[in-house]
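# Commentary on secondary and tertiary structure
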Number of protein chains: 2
Amino acid sequence: MESILALSTDEQTAKWIPLAENYCILGSYAQTELGHGTYIRGFETTATFNISTQEFVLNTPKISAMKWWPGELGRSATHAVVFAQLYIKGKCYGVHPFIVQIRSLHDHSPAPGVTVGDIGPKMEFNHIDNGYLLLRDVRVPRENMLSRFCEVLADGTYVKRGSEKINYFNMIIIRVKMLSNEVVPTLMKACTIAIRYSVVRRQCELKPGDQEAKILDYQTQQQKLLPMLATAYAFHFMNQYMNELFSKGYREIKQRNFDSLPELHAFSSGLKAIYTEHCTAGVETCRKACGGHGYSLLSGLPSLYTRLAASCTYEGENTVLLLQTARFLVKCLGAAHSGQPVPPSVAYLSAANSERCLVRDKRDFLQPDVYVEAYRHVAIRVLSSAAAKLQALVQSGAEQHEAWHQCTVQLVHAAKAHCHYHVVKSFAEAVEKLGQEAGIQRMIKHLCGLFALHGIFSNTGDFLHDGYISGDQVDMMTASYLDLLAIVRKDAVPLVDAFDFTDETLNSALGSYDGQVYRRLYQWAQRSPSNTKQPNQAYENYLKPLFQNGLSKL
Amino acid sequence: MESILALSTDEQTAKWIPLAENYCILGSYAQTELGHGTYIRGFETTATFNISTQEFVLNTPKISAMKWWPGELGRSATHAVVFAQLYIKGKCYGVHPFIVQIRSLHDHSPAPGVTVGDIGPKMEFNHIDNGYLLLRDVRVPRENMLSRFCEVLADGTYVKRGSEKINYFNMIIIRVKMLSNEVVPTLMKACTIAIRYSVVRRQCELKPGDQEAKILDYQTQQQKLLPMLATAYAFHFMNQYMNELFSKGYREIKQRNFDSLPELHAFSSGLKAIYTEHCTAGVETCRKACGGHGYSLLSGLPSLYTRLAASCTYEGENTVLLLQTARFLVKCLGAAHSGQPVPPSVAYLSAANSERCLVRDKRDFLQPDVYVEAYRHVAIRVLSSAAAKLQALVQSGAEQHEAWHQCTVQLVHAAKAHCHYHVVKSFAEAVEKLGQEAGIQRMIKHLCGLFALHGIFSNTGDFLHDGYISGDQVDMMTASYLDLLAIVRKDAVPLVDAFDFTDETLNSALGSYDGQVYRRLYQWAQRSPSNTKQPNQAYENYLKPLFQNGLSKL
């Protein structure tokens with residue numbers, strides 16, 4: 001069973017597993033319950049060890065305890081790795097994974113004591129049969145508990161070995177992979193479609209009497225799309241940085257050194273939250289920027305959104321993740337203030353915060369050191385302010401958990417500011433490294449500035465709050481930001497072409513490389529079943545009687 | 001044909017029209033073209049008057065000219081009101097509406113010269129057959145031009161009569177109705193579902209060792225949902241105010257007094273844009289706040305979003321509408337500065353702007369006059385700043401249209417600030433009027449404060465920019481805002497119950513009145529066709545051969 005363990009904990013998805021020469025099984029990873037998602041300790045499914053039979057007896061004692069959402073569970077899987085509270089001699093040892101056969105390998109009927117089915121339609125992913133699972137006294141042999149880290153011996157002795165910390169690392173790997181493979185590419189696709197469409201679509205006259213203008217030549221359209229393009233690039237470079245960080249962490253962990261885990265966990269949690277939030281919103285911005293045609297499924301945009309929207313919830317709900325990042329940051333801030341060493345990503349908290357931005361001209365805002373410093377300032381200020389409130393509440397007699405609770409809105413803000421600072425910083429560093437290729441560097445530097453200034457423009461309050469920048473400086477920054485829109489506009493098409501998606505991958509009538517938007521929309525629409533199926537059944541069955549008898553006879 | 005005219009221009013939707021004793025027709029309102037939506041003047045469909053036959057000859061000269069999106073056109077309508085550029089003796093007279101029969105009343109086949117079909121799948125509204133329409137030399141008699149305001153005489157003379165301004169009023173009525181009947185109720189439904197679910201769902205411990213807490217007791221969940229609840233109420237009261245304004249306008253217009261039209265048009269355009277933007281985002285916030293279950297269609301939430309998302313585009317694309325509002329505001333600001341009279345909704349532009357908020361205690365931020373004044377201040381400042389930039393550009397030699405173009409991002413901001421001020425103001429006035437009912441008034445006043453402070457909290461930069469409020473005051477405001485979350489939390493359930501939606505209307509397993517979330521999710525999922533259809537075809541056709549032969553033989 002070692003192979004299943006490896007597959008399950010690394011991938012958390014269903015797998016085909018060859019079992020013997022003539023059989024294979026399909027496994028589902030059954031963790032989430034109807035009433036419990038994020039809070040694993042709250043799971044209600046139980047696995048009680050029976051010494052006399054050397055079996056675990058699994059039960060879902062109430063409706064809210066049933067497994068709900070696991071993929072491939074609804075109609076396909078033969079086996080599941082079921083997470084359940086382990087009970088031995090009446091004592092609970094917490095949640096552990098158990099292999100359970102849920103369907104017959106001969107006729108696919110549910111195994112004895114098993115009730116299993118599909119959870120019904122979803123916003124997307126309807127090709128995946130997410131399922132539910134009820135267990136009533138389902139017995140599995142002792143060997144079916146996955147036992148790399150903990151084992152139950154024949155006499156009921158519970159043995160712990162190795163480190164459970166490795167489980168955190170698995171979560172981190174999944175998040176980092178998901179950001180690189182799913183989340184950022186989805187925003188890149190949406191940008192490609194919307195930007196290509198916006199140089200084909202023409203609407204109104206910019207100058208009276210002229211031909212109608214390409215919509216990407218409008219400042220308002222640039223303001224919608226180009227910051228999203230810059231975001232896609234920013235996250236792309238941040239992914240490279242993260243991957244390096246995690247490779248380093250992985251090497252250390254293989255040598256049983258788990259020191260970097262808290263930082264990696266906090267960092268990947270925060271980044272997962274802001275990536276999915278920004279990319280999901282960005283995809284929808286791109287979709288809306290395509291007007292009515294963005295509402296057609298033929299644009300390819302609605303399904304990009306409805307798929308990506310799930311990412312804000314799965315692999316950790318975003319608010320919960322940001323609060324985990326915040327908890328790490330508050331701890332590190334305390335350490336930094338008392339002169340203790342802190343991990344690299346929070347080393348900036350040890351330095352004194354800058355007092356005031358010294359910019360006197362709008363062009364100064366294009367300098368990376370200016371905007372990186374501004375983001376650093378805000379990250380320190382927002383975190384310090386939340387931590388100060390927390391401390392004040394505790395000092396005035398509030399219990400720790402109650403004080404934490406009253407600060408959560410501000411702590412989430414602090415976690416976001418920390419992540420935003422790092423994305424801007426890594427983008428600026430990536431620009432530096434492009435020194436060998438002056439043309440590309442110039443282009444990417446504009447994007448980096450656009451990303452940074454768009455963030456300031458959209459959250460001026462964060463920067464104005466303590467007078468770090470003044471209202472006059474905000475006006476300069478805004479002028480630079482609007483200038484950058486016009487500059488990046490010129491390179492917008494090559495910048496999305498560089499993502500190098502094929503037409504097949506984009507699957508969009510609006511976003512194909514050749515720009516034949518209207519012809520393709522028409523061709524694709526003609527192929528719609530409602531046009532090709534003859535006769536028109538809706539007419540035959542419902543309209544014809546009405547048309548030919550008149551409404552008066554209804 | 002008078003009756004069709006009335007129906008079409010008032011409702012802009014397809015209608016059943018009894019034609020004779022034994023027949024009726026179904027009409028579609030064919031305005032939008034594949035290549036032209038917002039900019040009606042750009043339409044490419046032509047209607048050329050032929051004096052010798054007394055007919056109009058209609059053509060869609062290229063693919064981008066074909067009608068695209070009209071409802072009921074795809075498979076149902078027999079007739080369409082087609083908007084086309086009118087040509088008489090080689091001269092273009094602009095866009096006019098023509099009644100065209102597009103399908104046979106006997107066998108529903110396309111009429112000669114007509115190509116018609118369905119535009120394919122959409123994000124929602126797949127029950128409506130939005131269609132396309134190509135016309136090749138389709139001839140209709142002279143009488144088929146809708147001629148209330150303009151007529152073509154037999155000799156080809158073009159006669160204009162009455163006022164075209166009334167068409168603006170039709171657009172205004174449609175927008176006002178749409179906000180009251182569709183947009184705001186959708187947000188109310190989403191709030192009802194999410195808030196009811198959030199007092200059933202429990203997750204994690206607020207206090208160590210306690211029962212898991214209701215998620216609505218978390219500050220972060222309150223911060224997501226309660227401002228959306230306040231927004232629903234704010235827009236509800238603003239709707240009442242708007243309806244009164246429009247009733248007054250309607251009475252004047254019936255007496256051929258069109259003076260209020262520009263104001264009504266600007267106001268309804270801006271409100272349509274901010275309502276649809278806030279309500280769409282709010283519905284999605286509610287959906288995400290329900291975690292994984294919000295992603296299930298059984299929650300009722302995804303379809304609320306995918307329907308409402310269309311409203312940001314139809315009846316006027318939001319950015320285009322906001323710029324129309326801004327154009328009106330800039331004009332009125334100029335008039336106000338030169339001492340001319342201005343319409344009531346912009347009278348506030350005539351007064352001098354206040355310099356500084358004088359609040360010294362967090363409780364002061366709960367006073368309506370304090371926050372209404374803050375919004376007024378920002379509305380004036382942002383508009384004045386955009387107008388000053390516009391003027392400076394013109395004075396430095398830019399052409400008017402170019403100067404306008406360079407200010408559009410800031411002009412959109414100004415239009416939003418104007419609308420936001422009015423919503424806050426009308427909400428505060430509505431609270432005043434509840435004086436007879438102290439209990440209700442207290443509750444609604446909290447909501448009003450929450451709406452206003454959430455707006456400040458989310459856009460602190462607007463208020464800090466010129467020092468109107470200080471960073472310290474932002475901290476006081478934030479404290480008051482967070483206090484209000486906890487206060488409104490207590491009334492949250494009755495406040496959504498007051499919307500009085502039936503379970504049938506909500507159609508949500510999460511949002512029913514009895515709170516039986518998990519039982520209902522399970523019951524509804526069991527009814528899913530993938531559970532009730534036997535045998536499981538996916539298993540029979542695809543899985544069984546794999547399971548029983550092993551992957552090795554694939």
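Model, not experiment: these values are computed from the prediction.

Here we take up the UniProt feature "binding site: FAD" (unreviewed entry) in chain A. Residue and element names in this part refer to chain A. According to UniProt, the "binding site: FAD" (unreviewed entry) feature falls on Thr32 and Gly71. In terms of the greatest pairwise C-alpha distance, the residues named above, spread along 40 residues, form a tight cluster of at most 10.6 Å across. Within the secondary structure layout, threonine 32 lies in the loop between β2 (23–30) and β3 (46–50). Looking at threonine 32, the relative accessible area reads 28%, which means it is partly exposed. Setting aside chain neighbours within four positions, we find threonine 32 in contact with Gly37, Phe43, Met66, Lys67, Trp68, Trp69 and Pro70. Its place among the elements puts glycine 71 in the loop between β5 (67–68) and β6 (79–88).

All names here are of chain A. In terms of domain boundaries, chain A breaks down into domain 1 (2–162) and domain 2 (167–342 + 359–497). Its C-alpha centre places domain 1 at a distance of 38 Å from the equivalent point of domain 2. If you look at the interface, domain 1 gives 11 residues, while domain 2 gives 13 residues. Between domain 1 and domain 2 lies a buried interface of about 990 Å² when both sides are counted; carbon and sulfur atoms form 57% of it. Sorting the residues of domain 1 by area buried against domain 2 places Met123, Glu124 and Phe125 first, and these three jointly supply 44% of that buried surface. The interface formed by domain 1 and domain 2 includes zero salt bridges. Where domain 1 touches domain 2, the interface holds one residue pair in polar contact (both at pLDDT 80 or more). Looking at the side of domain 1 that touches domain 2 residue by residue, the classes come out as three nonpolar, five polar and three charged.

Take the packing of aromatic side chains next. On inspection of all chains with the given rule, the structure shows 35 aromatic pairs over all chains. A centroid spacing of 6.3 Å and a plane angle of 55° characterise the contact between B:Phe499 and B:Phe501, whose relative ring orientation is tilted. Judged by its relative accessible area of 13%, B:Phe499 is buried. Using a relative accessible area of 18% as the deciding quantity, one classes B:Phe501 as buried. By way of ring pairs, the aromatic residues A:Phe235, A:Phe237, A:Tyr275, A:Phe427 and A:Phe451 are connected into one cluster. Above the plane of the ring of A:Phe43 lies A:Lys67, whose end atom (NZ or CZ) is 4.3 Å from the centre.

The next thing to look at is the interface of chain A and chain B. Accessible area lost during the coming together of the parts is what is often quoted as the interface size. Opposite the 117 residues of chain A that make contact, chain B presents 117 residues. Here chain A packs against chain B, burying approximately 9,300 Å² in sum over the two surfaces, 62% of which is carbon and sulfur. Between the two partners, chain A and chain B, sit two salt bridges. For B:Glu317, the salt bridge identified is with A:Lys224, shortest N-O distance 3.3 Å. Summed over the shared surface of chain A and chain B, the number is 44 residue pairs in polar contact (both at pLDDT 80 or more). Ranked by the residues each element gives to the side of chain A that touches chain B, the list is headed by helix α16 (residues 537–549) of chain A, at seven residues.

Moving on: the relation of the copies chain A and chain B. Its rotation angle being 180°, the transformation that places chain A on chain B also includes 0.0 Å of axial translation and leaves an RMSD of 0.0 Å. Here the transformation between the copies is reduced to the relation of a two-fold axis. Using C-alpha coordinates, one finds that chain A approaches the rotation axis most closely at A:Gly461, a distance of 1.7 Å.

Criteria and thresholds
Residues numbered from 1 in each chain as written. Chains lettered and ligands numbered in written order. Predicted model: local features only at pLDDT ≥ 70, side-chain atom pairs only at ≥ 80, totals over all residues. Heavy atoms only, no water. UniProt positions renumbered as here; feature names shortened; annotations may be inferred. Helix = DSSP H or I, 4+ residues; strand = E, 2+ residues; numbered from the N terminus. Buried < 20%, exposed > 50% of the residue type's maximum accessible area, 1.4 Å probe, protein only. Contact = heavy atoms within 4.5 Å. Domains from an automatic or database assignment. Buried area = accessible area lost by both parts, 1.4 Å probe. Salt bridge = Lys/Arg side-chain N within 4 Å of Asp/Glu carboxyl O. Polar contact = N/O pair within 3.5 Å; in protein donor to acceptor, adjacent residues only side chain to side chain. Nonpolar A, V, L, I, M, F, W, Y, C, P; charged D, E, K, R; others polar. Phe/Tyr/Trp six-rings, centres within 6.5 Å; stacked < 30°, edge-to-face > 60°. Lys NZ or Arg CZ within 6 Å of the ring centre and 35° of its normal. Least-squares fit on C-alpha atoms with pLDDT ≥ 70 in both.

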